[in-house]
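Working through the structure, step by step
Next come the chains, spelled out residue by residue.
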Amino acid sequence: MMEFEYSQALKRLPEQFFAKLVKKTQALMEAGHDVINLGQGNPDQPTPAFIVEELQEASNNPKFHKYPPFQGFPFLKESIANFYQSQYQVDLDPNSEVAILFGAKTGLVEISQCLLNENDKVLLPDPGYPDYMSGIALANASPIHMPLLEENLFLPDYDNLSHEDLNDAKLMFLNYPNNPTAATATKAFFDETVQVANEHHICVVHDFAYGAIGNSDEPPQSFLQSKGAKEIGIEVYTLSKTFNMAGWRVAFAVGNPSIIKALELIQDHYYVSIFGAIQKAAKKALDDGQESVEQLNQLYQKRRETFLQQSEKIGWHGGTASGSFFVWMPTPEGYTSEEFANLLLEKAHVVVAPGNGFGKAGEGFVRIGLLDSEERLQEACVRIEKLSLF
Ligand SMILES: Cc1ncc(COP(=O)(O)O)c(C=O)c1O
C-alpha cells in the first residue's frame, strides 16, 4: 500500500493529549470493570423531546431535502438574534452579525484560518480548550500563553503581559464559563478586555460554549454585554451544552460584521449549510427552550453540590465550580496531575482529566465532569476516599 506524505499544515497539528486516557479507560471497561467516567465533556442527558419532535416533523418537509441556502436559513438567524436579545439584551442584525456554524469547534478552528498569516501571534488561555491551538497550528501562527491562575480567579492578568506581546497579538481566545477551570468572568473583566483589545488592535473571540450553565441565580455574562465588544470581536455559542445537542452539530458566531463575513466566506468554500430540518429544530430550541435549560441547570447544580459536599467530606478541599458542568480540583501533595489521574483510574476506576493536558498552567489540578448521576458522583468520592490521599 502506498503511503502518502502529509502536508506541513497537517503535521503541525497538536497531538491529542487525551487519546491515551480514552484508550486506558476503554481497556478497563472492556475488561469488565465498573468505571466511573468523569473525564469527558460529553453531556449525558438526551436532547429535550420537543426539539427531537420538531426535527422529526421538519425532516418530512421536501423543502429541507434540497441544498439549504449557503449561509443558513434566515429564520434561524432571526431566532439567534431574538435569543440574544431576550437572554442578554444584546442587539444583533441577523443579516450581518450572525453566522451559523457546524458546531463551535469548527468555527473556533476556522477563525484562525480567516484572520491569521504565518508567524502571527495569538493570545491563548492556559489551561484552555485544546482546539484553539489546532486552528493556530494550521495557520502556522504561534501562541502567547496567558496563564489562568487561581490567585486571579482563573482570569488572565493583562498587566502581566508584555507591551510587545500585546502589540504583536492579532487574536485572543477567551472562554467563560471556563473549560477546564469552571471559573466565570465578571462584566468588569470583559470591559477591561474591550479596552485592551481596542488599545492593541486585537480581535477577541469569546467562546461561550457554557453560556447557559452557571452556579448562581444570575446567568453567566455574555462578552457582547460589554460596551464596544461588538466592535472588536465575536462570541461563539453552541447548542451542544445548552440543549444537550452535542451530536447535532449546531452553533453560531455573533458580533463584529467583518469577522462574521470572513467565517461565512470560508464556510462557502467548505460546506453548504447544515441540514435544513436541523436548522428548524435549532430554531425551536432557541425560541422555546428556556424551561428545559432551567431544568438542566438545576440538575447540574444538584450534582455540583453533591460532589462538592462529598469531596469536602473526604478531605479533598479547594475546588472551583462557578460555571460550566466541570469542577476544577487541586491534586494532593506529592502527585502531578497525571500521576494523580492515573492513580484514580488504576486504583479507583474513576476517570478524571489531568489539568496539564489543557496546558502547562493546568498542572496541579484535575477536571471533574459532572456528567453522571449524583449517586455515581458520590460513589466516585467513596472510592477515592479509600486511597487515603487526603
Ligand atoms: C470550551 C469549549 N468550546 C467549544 C466546544 C465545542 O462545542 P461544539 O460541540 O459546538 O463543537 C467545547 C466542547 O466540549 C468546549 O468545551
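These lines cover the structure that appears in this document, whether it is placed above or below.

Conventions we followed
Residues numbered from 1 in each chain as written. Predicted model: local features only at pLDDT ≥ 70, side-chain atom pairs only at ≥ 80, totals over all residues. Heavy atoms only, no water. Helix = DSSP H or I, 4+ residues; strand = E, 2+ residues; numbered from the N terminus. Expected span 1.5 Å × (residues − 1). Contact = heavy atoms within 4.5 Å. Buried < 20%, exposed > 50% of the residue type's maximum accessible area, 1.4 Å probe, protein only. Pairing = 2+ DSSP bridges. Axes fitted to C-alpha atoms, helices over the stretch in contact; angles between N-to-C directions. Parallel < 35°, antiparallel > 145°, perpendicular 65-115°, else oblique. Left-handed = near helix turned anticlockwise from the far one by under 90°. Nonpolar A, V, L, I, M, F, W, Y, C, P; charged D, E, K, R; others polar. Polar contact = N/O pair within 3.5 Å; in protein donor to acceptor, adjacent residues only side chain to side chain. Core = buried A, V, L, I, M, F, W, Y, C linked by side-chain atoms within 4.5 Å.

1. Regarding helix α4 (residues 74-88)
The first and last C-alpha atoms of α4 sit 21 Å apart over 15 residues, in line with the 21 Å expected at 1.5 Å per residue. Buried residues along α4 sit against β2 (98-101), β7 (233-238), β8 (251-255), α11 (257-270), α12 (276-288) and α13 (290-313). Backbone geometry just after α4 places Gln89 at a positive phi near 55°.

2. Digging into the environment of Cys381
Counting through the fold element by element, Cys381 comes out in helix α15 (residues 374-385). Look at Cys381 and you get buried, because its relative accessible area is 0%. Sequence spacing of Cys381 and Leu171 is 210 residues, and the spatial spacing of their C-alpha atoms is 40 Å. Not counting residues up to four positions away in its chain, the partners in contact with Cys381 are Phe307, Gln310, Ser311 and Ile314.

3. Let's talk about the pairing of β2
Of the two faces of β2, the one carrying Val98 and Ile100 and the one carrying Ala99 and Leu101 are both buried. Pairing of β2 with β8, which is carried by four bridges, proceeds in the antiparallel orientation. In the strand pairing of β8, Leu101 is matched with Ala251.

4. Side note on the packing of α4 against α12
With their axes 9 Å apart at the nearest point, α4 and α12 run at an angle of 20° to one another. Considering their axes alone, α4 and α12 lie roughly parallel with respect to each other. Helix-helix and strand crossings are classified by hand; for α4 and α12 the assignment is left-handed. Judged by residue contacts, Phe75, Leu76, Ser79, Ile80 and Phe83 of α4 engage Gly276, Gln279, Lys280, Ala282, Lys283, Leu286 and Asp287 from α12. Partitioning the contact of α4 with α12 into residue classes produces six nonpolar, three polar and three charged.

5. So, the side chain of Asn256
The topology assignment puts Asn256 in the loop between β8 and α11. Here the side chain of Asn256 touches Ser258 through a polar contact of 2.6 Å, side chain to side chain. Leaving out residues up to four positions away in the same chain, Asn256 has contacts with Lys230, Glu231, Ile232, Gly233 and Ile234.

6. Describing the nonpolar core
Core analysis: the biggest nonpolar cluster contains 78 residues, and Tyr84, Leu123, Leu174, Tyr176 and Phe252 have the highest contact counts within it. When residues in this core are grouped by element, the largest group, seven residues, is from α4. If we ignore the near neighbours within four places in the chain, the residues touching Tyr176 are Leu148, Phe154, Leu155, Pro156, Ala183, Thr184, Ala185, Phe189, Phe190, His206, Asp207 and Phe208. Counting 23 residues, the second largest nonpolar core, distinct from the first, contains Ile111, Leu124, Ile234 and Leu263.

The values are spatial; any link to function lies outside them.
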